[in-house]
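# Coordinate analysis (summary)
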Amino acid sequence: MTGDRRTLPFSGRVAHVSLRGKVEAESFTEGSGARLGVPLADLCASPFGKRERQLLLGAALNVFERRDGAAFMQAAADGYCGWVAEAALAQPQEPTHWVAAPASHLYPEPQVKQRETAALSLGARVRVVGETGKFAETADGGFIPRMHLREIGDWAQDPVAVAESLLGTPYLWGGNSRAGIDCSGLVQAALSACGLPCPADSDQQCDAVGTLLAKGTPPRRGDLLFWPGHVAMAVSDAVLIHANGASMSVAYEGITPCLARIAASDGPLQALKRL
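What comes next is a walk through the structure. (Residues numbered from 1 in each chain as written. Predicted model: local features only at pLDDT ≥ 70, side-chain atom pairs only at ≥ 80, totals over all residues. Heavy atoms only, no water.)

We now examine the overall build of the protein chain. Counting its secondary structure elements, the protein chain contains four helices and 25 strands. Structurally, the protein chain occupies a C-alpha span of about 55 × 50 × 30 Å along its principal axes. Considering the protein chain as a whole, with its 275 residues, one finds that 47% of them fall into the buried category. Across the protein chain, contacts joining residues at least 24 apart in sequence account for 53% of those joining residues at least 6 apart. With 25 positive and 28 negative side-chain charges, the protein chain shows a separation of 2 Å between the mean positions of the two kinds. (Helix = DSSP H or I, 4+ residues; strand = E, 2+ residues; numbered from the N terminus. Buried < 20%, exposed > 50% of the residue type's maximum accessible area, 1.4 Å probe, protein only. Contact = heavy atoms within 4.5 Å. Lys, Arg positive; Asp, Glu negative; His and termini not counted. Charge placed at Lys NZ, Arg CZ, Asp CG, Glu CD.)

One finds Val162, Ile181, Leu186, Leu191, Leu224 and Met233 to be the most contacted residues of the largest nonpolar core, which totals 29 residues. Put simply, the parts of the chain that give this core at least two residues each are α1 (159–164), α2 (183–193), β21 (224–227), β22 (230–234) and β23 (239–244). Examining the composition of this core, we find that seven residues originate from one element, α2, more than from any other. Those residues in contact with Leu186 that lie beyond four places of it in its chain are Ala163, Leu166, Ile181, His242, Ala243 and Val250. Within the second largest apolar cluster, 15 residues are counted, among which are Ala41, Leu61, Met73 and Ala88. (Core = buried A, V, L, I, M, F, W, Y, C linked by side-chain atoms within 4.5 Å.)

Once that is clear, we can look at the packing of aromatic side chains. One pass over the structure, following the stated rule, counts four aromatic pairs. Summarising the aromatic geometry, the rings of Phe64 and Phe72 are spaced 6.2 Å apart at their centres and angled 45 degrees between planes, so their arrangement reads as tilted. On the accessibility criterion, Phe72 (5% relative accessible area) is buried. Note on Tyr107 and Phe135: the rings are 5.6 Å apart at their centroids and 85 degrees apart in plane angle, and the pair reads as edge-to-face. Taken together, the residues Tyr107 in the loop between β11 (103–106) and β12 (118–121) and Phe135 in strand β15 (residues 135–138) connect sequence positions 28 residues apart. (Phe/Tyr/Trp six-rings, centres within 6.5 Å; stacked < 30°, edge-to-face > 60°.)

With that settled, consider the pairing of strand β24 (residues 249–254). Pairing of β23 with β24 involves six bridges; the strand directions are antiparallel. Along β24, the bridge assignment pairs Val239 with Gly254. A loop of four residues connects β23 with β24, the two strands running antiparallel in sequence, and Met248 in this loop sits at a positive phi of about 55 degrees. (Pairing = 2+ DSSP bridges.)

Attention now goes to the pairing of strand β5 (residues 51–56). With five of six residues buried, β5 lies mostly within the body of the structure. For strand β4 (residues 40–44) and β5, the ladder comprises five bridges, and the chain directions are antiparallel. For Asp42, the partnering residue across the bridge sits in β5 and is Gln54. The loop that links β4 with its antiparallel partner β5 comprises six residues; one of these, Phe48, has a positive phi angle of about 60 degrees.

Once that is clear, we can look at the sheet that holds strand β13 (residues 125–126). Strand order in this open sheet of three strands is β13-β10-β17, and the pairing throughout is antiparallel. The open sheet is flanked by β13 and β17 (149–151), the only strands paired with a single partner. Pairing analysis gives two bridges linking strand β10 (residues 97–99) to β13, with the strands arranged antiparallel. Note that in β13 the partner of His97 across the bridge is Val126.

Spatially, the three strands line up as an open sheet ordered β14-β15-β16, and their pairing is antiparallel. Whereas interior strands pair on both sides, the edge strands pair on one side only; in this sheet they are β14 (128–132) and β16 (143–145). On average, each strand axis in the sheet is tilted by 35 degrees relative to the strand beside it, whichever way the strands run. In terms of strand pairing, β15 meets β16 through three bridges, oriented antiparallel. Bridge pairing in β16 links Glu137 to Phe143. (Axes fitted to C-alpha atoms, helices over the stretch in contact; angles between N-to-C directions.)

Before going further, it helps to spend a moment on the pattern of salt bridges. Overall, the coordinates contain 17 salt bridges when judged by the stated rule. Measuring nitrogen to oxygen at the nearest pair gives 2.8 Å for the salt bridge that ties Asp203 to Arg6. Separated by 197 residues along the polypeptide, Asp203 in helix α3 (residues 202–208) and Arg6 in the segment before β1 (14–16) bring together distant segments of the chain. Across the pair Asp42 and Arg51 runs a salt bridge, and its minimum N-O distance is 3.7 Å. (Salt bridge = Lys/Arg side-chain N within 4 Å of Asp/Glu carboxyl O.)

Here's what the structure looks like:
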């Protein structure tokens with residue numbers, strides 16, 4: 001096997017055709033298009049195994065293998081590969097809008113007093129087919145408050161402001177939602193909301209996102225600070241925001257005390273990068 005397992009479209013039995021001659025697989029396939037049809041699903045390293053990341057409603061997927069109620073797929077947005085519950089998949093659908101609020105709800109009728117059917121998170125994708133009053137109707141027959149949605153392409157302008165909208169969200173390893181998020185999930189959510197491509201894990205982000213700054217460069221708003229296994233975003237030259245295990249939440253922290261605290265346990269700052 002070659003390459004990073006997280007972005008290698010090879011289940012151990014079935015591989016994408018691009019890997020022919022590079023891996024030993026039982027079969028090769030182009031895959032089949034799908035989308036995530038539930039509000040939130042764990043993306044696991046093995047069928048129903050350890051969570052590595054999470055996927056949100058409407059995420060575009062390429063499915064390579066279905067086995068025993070699980071599906072091995074690759075997410076179109078960041079190339080991450082893994083297993084999700086097969087029941088979470090739906091037919092592909094071109095989204096028209098994204099959830100731009102930190103969180104929202106899906107309703108069975110366009111009425112605020114109706115019992116909600118699902119909780120939605122920042123970044124979820126939906127296809128809107130109509131409007132009734134304050135609600136947008138989705139192609140799946142649900143209703144979402146219109147003020148929580150923006151059209152695909154109508155992106156936010158400030159990744160820091162997006163991250164700040166998630167202040168107080170509980171920390172969750174591998175989390176990508178308002179219900180729970182980790183350091184790289186927060187950065188990916190903030191950049192994706194601004195239409196900026198961003199890998200899923202902090203080491204991938206350190207390799208792919210932004211321009212490396214010289215050691216000692218003062219951070220400014222929007223800069224990304226990287227340590228082995230952790231990432232934070234500068235709010236100013238003195239304050240950062242990150243999803244962290246110390247507070248178990250998305251929180252502000254002074255940059256100087258944060259650098260000292262992490263250096264004492266995990267080591268010094270690895271990189272400072274500018275978007």
